[in-house]
Every structure is written in structure tokens, then in C-alpha cells.
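One-letter residues, chain by chain:
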Amino acid sequence: MENDRGYFGQFGGAFIPEILSATFDQLEDAFIKAKSDQSFWHDYETLMQTYSCRPTPLTFAANLSRYFGGAKIYIKREDLNHTGAHKANNVIGQGLLVQRMGKTRVIAETGAGQHGVATATMAARFGFECTIYMGAKDVLRQRPNVFWMQRLGATVVPVESGCKILKDAINEALRDWATNMDNTHYVLGTACGPHPFPTMVAWLQSIIGQEARRQILEAEGKLPDRVYACVGGGSNALGLFSAFLDDPVELVGVEAGGDGIDSGRHASRLSAPDASVGIAQGYKTYFLQDQDGQMRETHSIAAGLDYVGVSPILSKLKESQRARFEAATDTEVLEAAALVMRLEGLIPALESAHAFVQAFKEAPQLSRDHSIIVNLSGRGDKDIFTIADAFDDPGWKEFILLKAHQYNA
Ligand SMILES: *Cc1c(COP(=O)(O)O)cnc(C)c1O
């Protein structure tokens with residue numbers, strides 16, 4: 001699907017400062033070598049098996065299937081990865097590449113902190129020095145993740161420039177990289193950014209789809225009719241979709257509808273009419289931007305989907321109509337999450353719950369002969385603050401007040 005130098009149709013590319021071009025060449029070189037060297041994938045799979053619970057199961061959701069009375073619903077269990085989400089696939093894979101390049105230091109950007117924790121975990125395991133850039137506002141909002149990054153040995157740098165959020169952290173990380181290219185690798189968190197990151201991250205995440213394809217064939221004796229994944233930057237979706245690209249399987253990506261597509265308060269770049277093609281952050285894709293190309297503020301109840309850009313590979317899949325994109329609102333997401341908890345005993349991340357929303361809308365239209373797969377990209381323990389607030393849980397409030405009281409005493 002990729003043509004020369006990381007273009008997917010008109011999308012992708014590498015718009016990088018001249019000073020970084022040697023580093024990008026080196027990375028692309030290491031990536032191409034790893035891809036053609038079977039021992040890399042073998043080492044990767046072995047490490048994921050012994051460190052991160054791979055292969056993750058494909059769980060038949062008997063209760064949800066019965067409840068909706070249509071297609072058989074299967075759930076791919078990326079929540080069982082170490083650190084609680086599919087992000088482990090990407091960071092561990094990049095860790096192996098860093099080792100091969102002989103570098104000793106990793107840096108990363110993080111918004112909600114999940115990618116920061118995953119990167120800090122990988123760095124501890126590989127013995128790399130680790131610096132995480134995080135908008136100062138996010139440092140305040142995401143204290144539990146900051147706490148764990150620091151315990152794992154990472155230095156967390158609060159970024160005070162701009163709006164003090166994710167995009168400012170990305171700029172700061174790029175600045176660090178330009179100064180420390182010799183020993184440092186930038187662990188980008190999703191299938192976005194300049195080439196070769198989208199291709200490389202999608203390739204590492206393809207382990208999800210490879211397993212899921214094998215597992216559904218074992219369980220059902222045939223391919224699924226549709227597969228669903230939530231879309232932030234696009235890495236878990238591409239990980240699942242990649243195995244079914246050449247099959248008669250419908251690929252459905254679900255974005256953050258926030259307060260609703262018409263409200264303007266959302267993060268839907270592929271399913272909303274108000275996104276447009278542009279070049280920013282080193283690549284060309286659909287962005288949520290104003291007429292002057294200024295990035296808009298996005299909104300989602302799920303911090304991991306709250307991003308202005310999206311993978312150029314998904315933009316291409318949208319344009320070629322190979323994949324379909326939908327949006328789920330915050331309210332729908334909370335309802336779906338509650339149902340998954342009550343009926344299957346699984347606590348989905350609010351990100352992943354977006355995929356369930358759309359699957360639940362469509363499952364009843366299909367029959368029992370059909371099967372669908374929903375990617376449970378991560379577990380929802382991290383969302384306890386948001387979910388407890390949303391359900392206005394009195395016991396939780398009392399607990400928080402008690403803690404505050406203890407500190408004040
Ligand atoms: C980060 C995250 C996402 C969004 O990232 P993608 O690159 O779109 O996959 C989705 N789900 C969970 C649980 C996450 O932590």
C-alpha cells in the first residue's frame with residue numbers, strides 16, 4: 001500500500017528539519033533490516049510472550065452476543081498486555097530496534113501518560129536512560145502516570161511552552177532529539193508522525209491482527225465479517241486491520257465523537273466533515289484545524305483518543321473506502337463500558353469502549369452465522385477517576401475527600 005518514502009496516496013511523508021535527516025535515515029535503515037531479518041520478529045515475539053502475555057486471547061463474548069441477539073462477538077484482549085494496553089507492542093519493538101542501533105537513551109512524548117509509562121517500562125527493562133516530555137497541564141492532570149514513570153526511573157519534563165499539552169511536548173521532544181541524536185532514539189507512540197514511524201509502528205502492532213486472524217479461524221472456521229477498533233493515532237486499529245486488508249472483511253474504525261460531531265467538541269478526523277488535509281508535526285494527513293491551519297482544540301472523554309492528527313495510513317484507507325470510520329459520543333461510550341463490565345466482567349479502557357459502541361449498534365443487524373471482532377485495546381483501571389465522576393459515585397468522592405483531609409491534617 002505504501003509507495004516511495006512513506007507515502008500512502010497523498011498522505012504521509014517526512015517533513016523534518018534538515019538536522020534530523022541523518023537520524024531518520026539511520027532509523028529507516030535499522031527498520032528495513034529488522035523487517036527482512038526473521039530473527040528480529042522471532043526475538044520480538046519471544047520477548048512479548050515472556051514479558052507481556054502474548055499471544056493475547058480472543059475471548060468469545062457469550063453474554064454480549066446473547067444480549068444483542070445478532071452476530072457472535074469476539075474480543076481481542078490487548079488489555080492483558082503488560083502496562084495494560086497494546087502500547088506495549090510498539091515500545092518493546094522499538095526497544096529492540098534501539099538495541100540494534102546501539103543507542104542508550106530513549107525519549108518520548110506523552111499526553112495522558114500511558115505511552116510515557118509504557119516507554120519508561122521498556123527503558124527500565126532494556127537498561128536505557130529515559131526522558132519523557134509532557135505538557136505541564138497534563139503533568140498536573142495525570143499525576144498517577146507521572147508517579148509511575150518516575151518510579152520506573154524516567155525523568156519527566158513538564159513542558160511550559162505553548163498550551164502546555166501534547167503538541168508542545170512533541171515539539172520539545174523533537175528539540176531534544178536534534179541535540180542528542182547520537183545516543184538517543186525518539187519512541188513515537190502511535191502510527192503517526194514522519195516516515196518511517198507510521199509504517200514501523202503499524203508493523204509492530206500487526207502482531208494483534210496476525211494472532212486474531214489465526215484465532216478466529218480456529219474458533220469459527222472462517223473469517224469474521226467485520227472488525228472494530230477505536231482510533232486515536234491509529235496504531236491499535238492498524239494492528240488489527242493489517243491482517244484482513246486483502247480479505248472480504250469490513251474494517252471499522254471508531255473515533256472520539258466527544259459531545260457530538262455537530263458540537264465541534266470532538267476528536268473525529270476521519271468521520272467528521274470539519275477535518276481537512278494538511279501538513280503538521282512532520283506528516284500529511286487529516287487534521288482538525290481552522291482555516292489558517294491552526295490546530296483546533298479537541299475533546300474526548302478518553303484522553304488517548306484526544307489528538308488532532310491521525311495515521312496517514314488510515315487517511316488512505318478512508319480515501320480508498322477500504323475502511324469505514326464512525327464516531328462514538330462520550331455518553332454512548334460510558335453506556336457501552338458499563339455494559340461490558342456488567343455482562344462480561346471486563347473493564348474496558350474508555351478508548352476501547354468507543355469500538356464497542358459501534359459494534360453494539362451493528363451486531364443486532366447481523367445474524368448468528370456472522371462473527372465480529374472488537375479490539376479491547378486496553379484495560380480501564382486507569383480511568384477510575386473519570387468513570388467514578390461520570391457515575392457520580394458517592395463512595396469514591398468520600399474516599400478522595402478522606403485522602404485530602406489526611407494530607408491537610
Ligand atoms: C493510547 C491508546 C489508544 C489510542 O491509540 P491508537 O494509536 O489509536 O491505538 C487506544 N486505546 C488505548 C487503551 C490506549 O491506551
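Residues numbered from 1 in each chain as written. Predicted model: local features only at pLDDT ≥ 70, side-chain atom pairs only at ≥ 80, totals over all residues. Heavy atoms only, no water.

Student: I tried to follow the packing of aromatic side chains on my own but got confused; where do I start?
Tutor: Pairs of aromatic rings are described using the distance from one ring centre to the other and the angle between the two planes. By the definition in use, this model includes 20 aromatic pairs. Centre to centre, the rings of Trp 41 and Trp 203 are 4.9 Å apart; their planes meet at 50°, and the pair counts as tilted. Separated by 162 residues along the polypeptide, Trp 41 in helix H2 (residues 38-51) and Trp 203 in helix H9 (residues 197-220) bring together distant segments of the chain. With respect to burial, Trp 41 and Trp 203 carry one shared label: buried. Between Phe 68 and Phe 360, the ring centres sit 4.5 Å apart and the planes meet at 25°, which makes this aromatic pair stacked. In this pair, Phe 68 is assigned in helix H3 (residues 62-68) and Phe 360 in helix H13 (residues 350-362), connecting sequence segments 292 residues apart. On the basis of relative accessibility, which here comes to 18%, the residue Phe 68 falls in the buried class. For Phe 360, a relative accessible area of 8% corresponds to the buried category. Ring pairs connect the aromatic residues Phe 31, Phe 40, Trp 41, Tyr 44 and Trp 203, which therefore count as one cluster. One cation-aromatic arrangement involves Arg 125 over Tyr 51; the distance from NZ or CZ to the ring centre is 4.7 Å. Positioned above the aromatic ring of Phe 147 is the side chain of Arg 151, whose terminal nitrogen or guanidinium carbon lies 4.9 Å from the ring centre. (Phe/Tyr/Trp six-rings, centres within 6.5 Å; stacked < 30°, edge-to-face > 60°. Helix = DSSP H or I, 4+ residues; strand = E, 2+ residues; numbered from the N terminus. Buried < 20%, exposed > 50% of the residue type's maximum accessible area, 1.4 Å probe, protein only. Lys NZ or Arg CZ within 6 Å of the ring centre and 35° of its normal.)

Student: Any chance you could explain the domain arrangement of the protein here in plain terms?
Tutor: Reports of interface size often rely on the accessible area that becomes lost once the parts have come together. The domain architecture assigned to the protein consists of domain 1 (18-49 + 87-197) and domain 2 (55-84 + 206-390). Using only C-alpha atoms to locate each centre, domain 1 and domain 2 end up separated by 24 Å. In this assembly, 22 residues from domain 1 lie in contact with 23 residues from domain 2. Regarding the contact of domain 1 and domain 2, the summed buried area is about 1,700 Å², with carbon and sulfur atoms giving 65% of it. For the pair domain 1 and domain 2, the interface holds zero salt bridges. Viewed at the interface, domain 2 and domain 1 are joined by four residue pairs in polar contact (both at pLDDT 80 or more). Its residues assigned to classes, the side of domain 1 that touches domain 2 comprises 12 nonpolar, eight polar and two charged. (Domains from an automatic or database assignment. Contact = heavy atoms within 4.5 Å. Buried area = accessible area lost by both parts, 1.4 Å probe. Salt bridge = Lys/Arg side-chain N within 4 Å of Asp/Glu carboxyl O. Polar contact = N/O pair within 3.5 Å; in protein donor to acceptor, adjacent residues only side chain to side chain. Nonpolar A, V, L, I, M, F, W, Y, C, P; charged D, E, K, R; others polar.)

Student: Hey, could you run me through the sheet that holds strand S6 (residues 129-135) in this one?
Tutor: Hydrogen bonds between backbone atoms are what pair the strands of a sheet, whose relative direction is either parallel or antiparallel. Taken together, the four strands give an open sheet; going across it, the order is S7-S6-S5-S8, and neighbouring strands pair in parallel fashion. Of all the strands in the sheet, the pair left with one neighbour each is strand S7 (155-159) and strand S8 (184-186). The mean inter-strand angle of the sheet, taken between neighbouring strand axes irrespective of direction, is 25°. Where S6 and S7 come together, five bridges link them in parallel fashion. The partner of Thr 131 across the bridge, within S7, is Thr 155. (Pairing = 2+ DSSP bridges. Axes fitted to C-alpha atoms, helices over the stretch in contact; angles between N-to-C directions.)

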